[in-house]
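This is what each chain is made of:
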Amino acid sequence: MASNFFYGLAIKSDEKDFLVEDEDLVVSASAMNVFLEGGWREWVNTQPFEHWELESFDGLNLKGYYLEAEEVTNQTVVFAHGYLGRGRDMALYGQYYYEDLGYNVLLSDLRGHGESEGDYIGFGWHDRLDLIDWVNRVVEHQGADTEIVLHGLSMGAAAVLMASGEELPGQVKAIVADSGYTGVYDLFEYQMDRMYNLPSFPVLPTTSLVTKVRADYSLKEASALDQVKQAEVPILYFHGKKDAFVPTSMTEELYEATNSEAEIKLFEDAGHGEAFAIYEKAYVERLNDFLNRFVPK
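Computed from a predicted model, the values in this text were never measured in an experiment.

### Topic: a negative patch on the surface
Here is step 1: Taken together, Glu 70, Glu 71, Glu 99, Asp 100 and Glu 280 make up a surface patch of like negative charges.
Here is step 2: On the secondary structure map, Glu 99 appears in helix α4 (residues 91-99).
Here is step 3: Overall, the relative accessible area of 49% leaves Glu 99 in the partly exposed class.

See the structure below:
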């Protein structure tokens, strides 16, 4: 049955060989140099992260890694990584928040990734509730006056955007979404056409039913677009104009639909998730302007 095949292909938590030769994920040489050899890799391996755990709403044991700032601060960034990644991948951004902005940093392995439990990938939907639990853990640790930024990449961007439509703790002051998608159904529909030249019907509706049974969410309900229409926290969107894996138009649609204050920055020659690696100066300038507005020192 095709729906079982596509569930196993994309949603079941295991190796995803089909992405290895995906031309939409070919990384530019300049970005690859940063991803593979950047100083952030040594940085994350040498920092005294505290190992945190929490139990999700549905009984999974999730793992997080918390780093206290060198100077006492009430400002913390909570990261959400991309598909098939793990929390430590976000140290690429975490090092900047820690060293240049003086933030406390929380990296977490999303369900079905890294050391966290889970036999399926949530594509942001159940992860949105896990992120809120991590936020509450930070508040418990730091105190009620803490100020929190959610920063997500790709699937992690979808997760923080999906969280934006929930009743967030008041300590969440801003959201940064880099290379996010409008919704899981939209993303799969785009990828089915691009990778397999297949129509979405009838495979996606039946895959959605399988996902509802096995992972307790449907592909259409997992919508970042619907959630940002309810958002009250300011959101900064980043996206590369050469992103073929998650089309730039999705972030533009999200930006236009956002209920709260929103900003958008597109990067001319950046592919999927490459903007920070290729345009670090422009990226952090826009990030700093946004944070200075909504999470001032």
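### So, the pattern of salt bridges
Here is step 1: With the rule as written, the count across this model stands at 11 salt bridges.
Here is step 2: Notably, a salt bridge pairs Asp 58 with Arg 111, separated by 2.9 Å at the nearest N-O pair. A residue pair is termed long-range when its members are at least 10 positions apart, and Asp 58 in the loop between β1 (50-55) and β2 (61-67) and Arg 111 in the loop between β4 (104-108) and α5 (125-142) qualify at 53 residues.
Here is step 3: A relative accessible area of 35% means that Asp 58 is categorised as partly exposed.
Here is step 4: Taken together, the shared-partner salt bridges in this structure form one network comprising Glu 261, Glu 263, Arg 286 and Arg 293.

### Looking at the packing of aromatic side chains
Here is step 1: Counted under the stated rule, the structure contains 17 aromatic pairs.
Here is step 2: Relative to Tyr 98, the ring of Trp 43 has its centre 5.6 Å away and its plane inclined at 55 degrees; by these criteria the two rings are tilted. One end of the pair, Trp 43, is in helix α3 (residues 39-46); the other, Tyr 98, is in helix α4, and 55 residues separate them in sequence. Accessibility assignment for this pair places Trp 43 and Tyr 98 in one class, buried.
Here is step 3: Aromatic pair Tyr 237 and Tyr 255: ring centres 6.4 Å apart, planes at 80 degrees, arrangement edge-to-face. Pair noted here: Tyr 237 is in strand β7 (residues 235-240) and Tyr 255 is in helix α10 (residues 248-257), with a separation of 18 residues, a long-range link.

### Some details on the sheet that holds strand β5 (residues 147-153)
Here is step 1: Read from one edge of the open sheet, 8 strands run β1-β2-β4-β3-β5-β6-β7-β8, paired in mixed fashion. The two strands at the open ends of the sheet, each matched to only one other strand, are β1 and β8 (262-267). Between one strand axis and the next, the sheet turns by 20 degrees as a mean value, whatever way the strands run.
Here is step 2: With respect to the sheet, α5 is in contact with β1, β2, β3 (75-80), β4, β5 and β6 (172-178), its orientation differing from that of β1 by roughly 125 degrees.

### Quick word on the nonpolar core
Here is step 1: Counting residues in each nonpolar core, the largest one holds 59 residues, and the members touching the most others are Phe 123, Leu 161, Tyr 181 and Tyr 217.
Here is step 2: At 8 residues, the largest contribution of residues to this core is made by helix α6 (residues 155-164).
Here is step 3: In this structure, Tyr 217 is in contact with Ile 11, Tyr 120, Ile 121, Gly 122, Phe 123, Trp 125, His 126, Ser 208, Thr 211, Lys 212 and Ala 222, ignoring residues within four places of it in sequence.
Here is step 4: The next biggest cluster of nonpolar side chains, apart from the first, holds 39 residues, and it includes Ala 31, Phe 267, Ala 270 and Tyr 283.

Criteria and thresholds
- Residues numbered from 1 in each chain as written.
- Predicted model: local features only at pLDDT ≥ 70, side-chain atom pairs only at ≥ 80, totals over all residues.
- Heavy atoms only, no water.
- Patch = residues over 30% accessible without salt bridge, like charges linked within 9 Å, V, L, I, M, F, W, Y side chains within 5 Å.
- Areas by Shrake-Rupley, 256 points an atom, 1.4 Å probe, with all protein chains shown as cover.
- Salt bridge = Lys/Arg side-chain N within 4 Å of Asp/Glu carboxyl O.
- Lys, Arg positive; Asp, Glu negative; His and termini not counted.
- Charge placed at Lys NZ, Arg CZ, Asp CG, Glu CD.
- Helix = DSSP H or I, 4+ residues; strand = E, 2+ residues; numbered from the N terminus.
- Buried < 20%, exposed > 50% of the residue type's maximum accessible area, 1.4 Å probe, protein only.
- Phe/Tyr/Trp six-rings, centres within 6.5 Å; stacked < 30°, edge-to-face > 60°.
- Pairing = 2+ DSSP bridges.
- Axes fitted to C-alpha atoms, helices over the stretch in contact; angles between N-to-C directions.
- Contact = heavy atoms within 4.5 Å.
- Core = buried A, V, L, I, M, F, W, Y, C linked by side-chain atoms within 4.5 Å.

None of this, on its own, says anything about what the molecule does.
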